[in-house]
Amino acid sequence: MHHATPKVAFAAYLNALGEFAQQAGVVSTANATQNPTALAWELIAPHLPEGLQSDMAPFAKPDMTADNAAHTTDSQHASSLLQCILATATQLAYGPQASNQRPAAAPARLQPLFAHIRLQDTAATPRQNTAYGYPLSALSPQSIFPQTGADTPTQAEYAALWQAFVQGLAAIPASHRQQWDLWLDHFDTLWQTYAQAIPADASPSGRTEVSLYDHSKTAAALAVALWRWHHAHGQTDEAAISRLHNRDDWQEPKILLIQGDFFGIQNFIFASGSQTQKRAAKLLRGRSFQVSLFAELAALKILQACQLPPGAQILNAAGKFMIVAPNSDEVHAALAQVKAEINAWFLQHSFGQVALGIAAQSACCADFTEPERFERLLAQSFAVLEQAKLQRFELTDAAATVLPCDYSLGVCRYNQQLPADSLQPEQAAALSLDQISLGSLLTRQDRLLILNRPQDIRDSRHTQKLRLPIFGLYVVLTAEEELSGYFGKPAREGHLLRCWDFSLPQNDCDTLWHGYARRYINAYVPHFQHDDEWLEDKYRTVLADESAEEVRAGQPKTFNHLACEERRSSDGRHFSGKVAIAALKGDVDNLGLIFQQGMNEPSFAKMAALSRQMNLFFSLWLPAHCARHFPNCYTVFAGGDDFFLIGPWLQTQRLAASMREHFSRYVADNPEINFSAGITVCKPGLPVAKLSAYAEEALEQAKQHRHPEYGTKNSCHLYGQSVSWPQWQQLENAFARIDGLKTDYGLSTGFVYGMLEFSEAAEQERSGHIEAGIWRSRLAYRIRRYVNDNKHIGHKNNAYQQLLEAFYQNGLNQLGGAYRIPLFNHFYLLRAR
């Protein structure tokens, strides 16, 4: 059963591969006796896991040929149990509008699911916008954005994509083909890379907003759960096949949805100690990565305990995951054991600072195909996870309320809640030292190995193990394969459980397939460039807090260095500008409502696709965008639907605006999908926990903002002011205009500073204080007097009109109190430090 289960998942992928090959024209269906699934099998057979020919179960009997086995995976002619299960899983993934027939193959362009999202279903907001489509290309930071006016893809485009897919299949290391789970994990990333832009239903009347990848992945997970349930309950005979085929048993709760969510992430990431600030950047990098790693390894433990293949995990983003499992006694028992083991680990090593909530929810086939029932299933999934949040560590049951702890060696220097470990080289906990190691290694290594025993790997220049096993698993960071190898021996012996590529894309068009399964758990880190080495004066104000040796090409920039990046100089020696950093926090507005109510004809595949695509914007595109356009901005964490970045105070503002502009394009300009953000500006020495808290407060203010034209949320809060994103360009224009007028007319700092008083008066007037409206006449008088008294201004009337237009018509009158944002930015650039 353990060896056969991953092959059931692959069978579901194989059906989709047949459709892909058919679209590419590499297989012909002119002959009715030819099966595209069987033909696709023949094309990729040389690259499949070893031993498949000698062990065909559950495809067929051992003495059957591979061609006959491929026919047993054909869900269109369901006569065997496997065929019937594959057909059922395909229908459940499609949802309420499922068809029993394979859609006719026809080239089509995948439409963005975001374009079909509606929260207010009115005539003014139709549910479809068919002007957008995705390019038929491999997954990259650029290809995830929909385009307008794109032509229907040609068969030649499909053929080129198929050829790249087959070449990518050959890139999986040969030693990794001897373990089905390891190979399937790699295959899933390859399949996502090349099938994420192919519509699952390309028929003329089909729904083209779900990709072939998302549909086949959810179908594979459901097929595994159904197949395992039928075998666990002994329902494999002809009568069981008939009941499943005729939907007579679709009310039976055969499926178990297992969800995981981490709680206490903020407190964990921003925990402090006596030496936290000195290694703040590395600790933040390491802790943020560690949280994602906890989620990945917790899901892996559940998969292993339940003997499920990698494809059973259909969601994983921002510390949350969902696994589809059979609803059997064995699975419930295994889940309880894993939950207890994970709880014990967190209590021992973090004293409950972070916790994993695990919730299990049963479902029947009808829950996925009837609209009202599926919506109720989604709502229940949110509810059971919230309940698990309130029951962490089973504290009301048998869990200890006082934990044993030895502080005889003092407290950890980096997390004052943890005791120092006697086995460590300094006064610190092993968990904290691993966080610092991660913070350093992430900038140099590209791959992550997960093993079930430590002796298979030795520490070296290119390979390093973490000190602390996580949930009984050993974590190793290693360099690219040319430097560190393929780790074939532990792979062949079954001790290498996973090998993950977490490297960042080098550019917007970089294809993400490098022969290994990919996890989007890394963050962009600013580094010194060669040009920075010659600007020591730029960083002189912080050299007392940092070693001058750190200003070298290739070294990560600390927060102190980032705080100096807005300092400017005309001669390369004398710099001006505020020494400060900005923290940017944000998340997507109304995401829960989007999942529960926003999808037209919701389905399991759509839910998985929406989660994956939302995550890709923040975990894939954002780090690549920072690397290319905002190299001094640091992604502390970005994934799921939220993000937290730290960078120079002005560049961070511009990054936020750029993110909003690209996000609008990413969601096909759907006005109902937006994000809000909060920005706080402060000195770099502020404890990171406070920096995060201030940014969180700013985000809350943005969420509460309401504009009479643009509505609630969809805003940014900065310098005590909330503005709707559609207004942001006006702020940028006002900032540039102030700078230009200062140059043209020699405006004094005192004159410009006086505009702050008028912005406060304008805000008071908007709040209902009618008497404050006198600010307009006072402003006109102030400008006229300044122009008349300034002997360096020649054309007085023209200057007056220019200043009035900038400060009143396009400034204070339109922006009110928000005008302080461009004013503050202007003043900060003039500061000595």
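Here, the structure is the one placed above.
Keep in mind it's a predicted model, so treat the numbers as computed, not measured.

### Some thoughts on unusual backbone geometry
Link 1 in the chain: The phi torsion at Phe-351 lies on the positive side, around 50°, for a residue other than glycine.
Link 2 in the chain: With respect to the helices and strands, Phe-351 occurs in the loop between helix H11 (329–350) and strand E6 (355–363).
Link 3 in the chain: Backbone geometry places Ala-668, a non-glycine residue, at a positive phi of 60°.
Link 4 in the chain: Along the chain, the position of Ala-668 falls in the loop between helix H21 (649–666) and strand E15 (675–682).

### A word on the sheet that holds strand E3 (residues 255–263)
Link 1 in the chain: The strand order E4-E5-E3-E6 describes an open sheet built from four strands, whose pairing is antiparallel. Looking at the sheet topology across the chains shown, the edges are occupied by strand E4 (313–317) and E6. With direction set aside, neighbouring strand axes in the sheet form an average angle of 15°.
Link 2 in the chain: Both E4 and strand E5 (residues 320–326) contribute to a ladder of four bridges, which runs antiparallel. Counted as the bridge partner of Gln-313 is Ile-323 from E5.

### Side note on the pairing of strand E18 (residues 715–718)
Link 1 in the chain: Of the two faces of E18, the one lined by Ser-715 and His-717 and the one lined by Cys-716 and Leu-718 are each fully buried.
Link 2 in the chain: Summarising the sheet, E15 and E18 pair through two bridges and their orientation is parallel. Within E18, the position partnered with Ala-677 by the bridge is Cys-716.
Link 3 in the chain: In the sheet, E18 pairs with strand E19 (residues 721–724) via four bridges, with the strands oriented antiparallel. Across the sheet, the residue bridging to Ser-715 is Ser-724, located in E19.
Link 4 in the chain: Hairpin connection between E18 and E19: a loop of two residues separates the two successive antiparallel strands, and Tyr-719 in this loop has a positive phi of roughly 55°.

### A short note on the packing of aromatic side chains
Link 1 in the chain: According to the stated counting rule, one finds 51 aromatic pairs in the structure shown.
Link 2 in the chain: On the basis of an interplanar angle of 55° and a centroid distance of 6.1 Å, the ring pair of Phe-20 and Trp-191 is categorised as tilted. Of this pair, Phe-20 sits in helix H1 (residues 5–24) while Trp-191 sits in helix H6 (residues 180–195), placing them 171 residues apart in sequence. With respect to class, Phe-20 is no different from Trp-191; both count as buried.
Link 3 in the chain: On the numbers, 5.1 Å between centres and 70° between planes, the contact of Phe-368 with Phe-604 is edge-to-face. Here Phe-604 lies in helix H20 (residues 604–629) and Phe-368 lies in helix H12 (residues 366–369), a separation of 236 residues in the sequence.
Link 4 in the chain: Judged by its relative accessible area of 0%, Phe-368 falls in the buried class.
Link 5 in the chain: In this arrangement the basic side chain of Arg-447 is found over the ring face of Tyr-516, its NZ or CZ atom lying 4.9 Å from the centre.

### A few points about the sheet that holds strand E11 (residues 517–518)
Link 1 in the chain: Pairing is mixed across the open sheet formed by five strands, whose spatial order is E8-E9-E7-E10-E11. In this open sheet, the two edge strands, each paired with only one partner strand, are strand E8 (463–465) and E11.

### A short note on the packing of H1 against helix H5 (residues 155–170)
Link 1 in the chain: Packing of H1 against H5 leaves a shortest axis separation of 7 Å and a crossing angle of 130°. Here H1 is positioned oblique relative to H5, judged by the angle of their axes. Every residue of H5 that contacts H1 at Leu-17, Phe-20, Ala-21, Gln-22, Gln-23 and Ala-24 is listed here: Gln-155, Tyr-158, Ala-159, Leu-161, Trp-162 and Phe-165.
Link 2 in the chain: Of the residues in the contact of H1 with H5, the class split is nine nonpolar, three polar and no charged.

### Description of the pairing of strand E13 (residues 634–639)
Link 1 in the chain: Counting buried residues along E13, six of its six residues qualify, which places the element largely inside the surrounding structure.
Link 2 in the chain: As defined by bridge partners, E13 adjoins strand E14 (residues 642–648) across five bridges and the pair is classed as antiparallel. What sits directly across from Ala-638, in E14, is Phe-643.

### Describing the pattern of salt bridges
Link 1 in the chain: Counted by the stated rule, this structure contains 27 salt bridges.
Link 2 in the chain: In this structure, Arg-413 and Glu-426 form a salt bridge, with 2.9 Å as the shortest nitrogen-oxygen distance. Remark: Glu-426 occurs in the loop between helix H13 (371–389) and helix H14 (430–441) and Arg-413 occurs in the loop between H13 and H14; sequence separation between them is 13 residues.
Link 3 in the chain: The class of Arg-413 is partly exposed, set by a relative accessible area of 27%.

### Remarks on the environment of Pro-326
Link 1 in the chain: Position of Pro-326 relative to the elements: it lies in strand E5.
Link 2 in the chain: Along the primary structure Pro-326 and Trp-229 are separated by 97 residues, whereas in three dimensions their C-alpha atoms are 5.1 Å apart.
Link 3 in the chain: With residues up to four places along the chain from it excluded, the contact list for Pro-326 reads Ala-225, Arg-228, Trp-229, Lys-254, Leu-256, Leu-308 and Val-331.

### A closer look at the nonpolar core
Link 1 in the chain: Phe-165, Phe-187 and Trp-191 are the most contacted members of the largest nonpolar core, which has 249 residues in total.
Link 2 in the chain: Looking at this core element by element, the count peaks at 15 residues for helix H10 (residues 280–305).
Link 3 in the chain: Setting aside residues no more than four positions away along its own chain, Trp-191 makes contact with Tyr-13, Ala-16, Leu-17, Phe-20, Phe-165, Gln-196, Leu-212, Tyr-213 and Ser-216.
Link 4 in the chain: With 10 residues, the next largest nonpolar core counts Val-476, Phe-487, Ala-491 and Cys-499 among its residues.

### Concerning the packing of H21 against helix H28 (residues 820–830)
Link 1 in the chain: For the pair H21 and H28, interaxial distance at closest approach is 11 Å and the crossing angle is 145°. Touching Trp-649, Leu-650 and Gln-653 of H21 are Ile-821, Asn-825, Tyr-828 and Leu-829, all from H28.
Link 2 in the chain: Residue composition of the contact of H21 with H28, by class: five nonpolar, two polar and no charged.

### Focus: the side chain of Lys-557
Link 1 in the chain: As for its position among the elements, Lys-557 is in the loop between helix H17 (530–533) and helix H18 (559–562).
Link 2 in the chain: Reaching out from Lys-557, the side chain makes a polar contact with the side chain of Glu-565 at a distance of 3.0 Å.
Link 3 in the chain: Of note is the side chain of Lys-557, whose polar atom sits 2.7 Å from the side chain of Asn-632.

Parameters at a glance
- Residues numbered from 1 in each chain as written.
- Predicted model: local features only at pLDDT ≥ 70, side-chain atom pairs only at ≥ 80, totals over all residues.
- Heavy atoms only, no water.
- Helix = DSSP H or I, 4+ residues; strand = E, 2+ residues; numbered from the N terminus.
- Pairing = 2+ DSSP bridges.
- Axes fitted to C-alpha atoms, helices over the stretch in contact; angles between N-to-C directions.
- Buried < 20%, exposed > 50% of the residue type's maximum accessible area, 1.4 Å probe, protein only.
- Phe/Tyr/Trp six-rings, centres within 6.5 Å; stacked < 30°, edge-to-face > 60°.
- Lys NZ or Arg CZ within 6 Å of the ring centre and 35° of its normal.
- Parallel < 35°, antiparallel > 145°, perpendicular 65-115°, else oblique.
- Contact = heavy atoms within 4.5 Å.
- Nonpolar A, V, L, I, M, F, W, Y, C, P; charged D, E, K, R; others polar.
- Salt bridge = Lys/Arg side-chain N within 4 Å of Asp/Glu carboxyl O.
- Core = buried A, V, L, I, M, F, W, Y, C linked by side-chain atoms within 4.5 Å.
- Polar contact = N/O pair within 3.5 Å; in protein donor to acceptor, adjacent residues only side chain to side chain.

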